[in-house]
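This is what each chain is made of:
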Amino acid sequence: GAVVSQHPSRVICKSGTSVKIECRSLDFQATTMFWYRQFPKQSLMLMATSNEGSKATYEQGVEKDKFLINHASLTLSTLTVTSAHPEDSSFYICSATRQTSNYGYTFGSGTRLTVV
Amino acid sequence: GIQVEQSPPDLILQEGANSTLRCNFSDSVNNLQWFHQNPWGQLINLFYIPSGTKQNGRLSATTVATERYSLLYISSSQTTDSGVYFCAVAMAGANSKLTFGKGITLSVRP
């Protein structure tokens, strides 16, 4: 199967600091990964598309200077929340798919970020 | 962009009952998935079903692509089926992004 690992699962940070979240495809190569954000009792909203070896594509309204995405290899994408504030507290989740998948997209287990 | 509507928004069942969850989408898709989000936030992929019918135990799903809807059937519901069910779709194109519906919150009571 296609396994996506995401770390950390939970993080608490102080306002003004930065937090890095890692998303790894464990048993396949992913040229494209996706980052979503989910607020309580809401659906998943796509933040950005992470492309290996090139700049990420951000959705409208998502600050690219605040949410830094790096896709340095075919198995790793990172999301860094810079100068975090309490309103950035949310559930962040990544996904990826095999190029020839008949199983669709696989999601990581998510990261619950709390900014205090 | 593509619109995804799920209904009903909330559903309460007695254990053992059957249910049907619906997903309507506004454009042609080449990817449709049903997910169950557990209390810890993990998205469990239930079905990858851009068209046709699939079954997995007590769950089955049908997508009628020409009419732009998909149905998820849960039979003999159990309390562990409780949670939020999402439908997500992607349009044609390599690595096209998934768009999620708002979800259906299912509560199965013992």
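In the block above lies the structure referred to throughout.
Along each chain, numbering runs from 1 in the same order as the chain's sequence is written. Lettering for chains starts from A, numbering for ligands starts from 1, and both go in the order in which the items are written. Totals for whole chains, interfaces and linings use all residues, but because this is a predicted model, local features are given only for residues with pLDDT of at least 70 and pairs of side-chain atoms are given and counted only at 80 or more. Water and hydrogen atoms were dropped before computing side-chain values, which therefore reflect all heavy atoms in the structure.

### Quick word on the interface of chain B and chain A
Line of reasoning, step 1. Whether two residues touch is decided by their heavy atoms; if any such pair falls within 4.5 Å, the residues are in contact. On the chain A side, the residues contacting the 18 residues of chain B number 23 residues.
Line of reasoning, step 2. Summing the contributions of chain B and of chain A, the shared interface buries around 1,500 Å²; its carbon and sulfur component is 50%.
Line of reasoning, step 3. Definition used for salt bridges: Asp or Glu carboxyl oxygen within 4 Å of a side-chain nitrogen of Lys or Arg. Summed over the shared surface of chain B and chain A, the number is 1 salt bridge.
Line of reasoning, step 4. Two residues, A:E59 and B:K97, come together in a salt bridge whose shortest N-O distance is 2.9 Å.
Line of reasoning, step 5. What qualifies as a polar contact is a pair of N or O atoms within 3.5 Å, subject to a donor-acceptor requirement within protein and to the restriction that residues adjacent in sequence count only when both atoms come from side chains. Counting across the interface, chain B meets chain A through 6 residue pairs in polar contact (both at pLDDT 80 or more).
Line of reasoning, step 6. Helical segments are the DSSP runs of H or I of at least four residues, strand segments are the runs of E of at least two, and each set is numbered from the N terminus. For the side of chain B that touches chain A, the secondary structure elements donating two or more residues are β4 (31-37) and β5 (43-48) of chain B.
Line of reasoning, step 7. Sort the elements by how many residues they give to the side of chain B that touches chain A and β4(B) lands first, with 4 residues.
Line of reasoning, step 8. A breakdown of the residues in the side of chain B that touches chain A according to their chemical character gives 7 nonpolar, 9 polar and 2 charged. Buried surface area refers to the total accessible area, computed with a probe of radius 1.4 Å, that the two partners give up upon joining, counted for both partners together. Three categories are distinguished: nonpolar for Ala, Val, Leu, Ile, Met, Phe, Trp, Tyr, Cys and Pro, charged for Asp, Glu, Lys and Arg, and polar for the others, with Gly belonging to the last.

### Notes on the packing of aromatic side chains
Line of reasoning, step 1. Note on ring pairs: Phe, Tyr and Trp rings are taken, using the six-membered ring of Trp, and paired if centres are within 6.5 Å. Classes follow the plane angle, with under 30 degrees stacked, over 60 edge-to-face and the rest tilted. Applying the stated criterion across every chain yields a total of 8 aromatic pairs over all chains.
Line of reasoning, step 2. Seen from their ring centres, A:F107 and B:F35 are 5.2 Å apart, and the 85 degrees between their planes marks the pair as edge-to-face. You can see A:F107 sitting in strand β10 (residues 106-107) and its partner B:F35 sitting in strand β4, one on each of two chains.
Line of reasoning, step 3. Judged by its relative accessible area of 5%, A:F107 is buried.
Line of reasoning, step 4. Members of the aromatic cluster, each reached through a chain of ring pairs, are A:Y36, A:F107, B:F35, B:F86 and B:F100. Exposed residues in this analysis have more than 50% of their type's maximum accessible area, buried residues have under 20%, and partly exposed residues fall in between, with area computed by a 1.4 Å probe over protein chains only.

### With respect to the sheet that holds strand β3 (residues 19-25) of chain B
Residue and element names in this part refer to chain B.
Line of reasoning, step 1. Pairing between two strands requires that DSSP report at least two bridges joining them. The 5 strands are arranged β1-β3-β8-β7-β6 in an open sheet whose pairing can be described as antiparallel. Each edge of the open sheet is held by one strand with a lone partner, namely β1 (4-7) and β6 (52-56). Strand-to-strand twist of the sheet, defined as the mean angle between neighbouring strand axes without regard to direction, takes the value 15 degrees.
Line of reasoning, step 2. Across 5 bridges, the pairing between β6 and strand β7 (residues 59-64) is antiparallel. What sits directly across from G52, in β7, is T63. Lines fitted to C-alpha atoms define the axes here, with helix axes fitted over just the stretch in contact, and angles between the N-to-C directions of these axes take values from 0 to 180 degrees.

### Comments concerning the sheet that holds strand β1 (residues 4-7) of chain A
All names here are of chain A.
Line of reasoning, step 1. Across the sheet, 4 strands lie side by side as β1-β3-β8-β7; this open sheet has antiparallel pairing. Each of the sheet's edge strands pairs with one partner strand only, and the pair in question is β1 and β7 (67-73). Here the average twist between neighbouring strands, direction ignored, is 15 degrees.
Line of reasoning, step 2. Two elements, β1 and strand β3 (residues 19-25), share 4 bridges in a ladder whose sense is antiparallel. If you follow H7 over to β3, its bridge partner there is E22.

### As for the state of the cysteines
Residues and elements named next belong to chain A.
Line of reasoning, step 1. The disulfide definition used here is simple: a pair of cysteine sulfur atoms within 2.5 Å. Taken as a whole and assessed by the stated rule, the structure comprises 2 disulfides over all chains.
Line of reasoning, step 2. Across the disulfide, C23 is cross-linked to C94 (sulfur-sulfur distance 2.0 Å). Taking the torsion about the S-S bond as the criterion, the C23 to C94 disulfide, at about 85 degrees, is right-handed. In this pair, C23 is assigned in strand β3 and C94 in strand β9 (residues 90-96), connecting sequence segments 71 residues apart. Accessibility classification places C23 together with C94 in one group, the buried group.
Line of reasoning, step 3. Free cysteine: C13, not disulfide-bonded; nearest cysteine sulfur from C94 at 18 Å.

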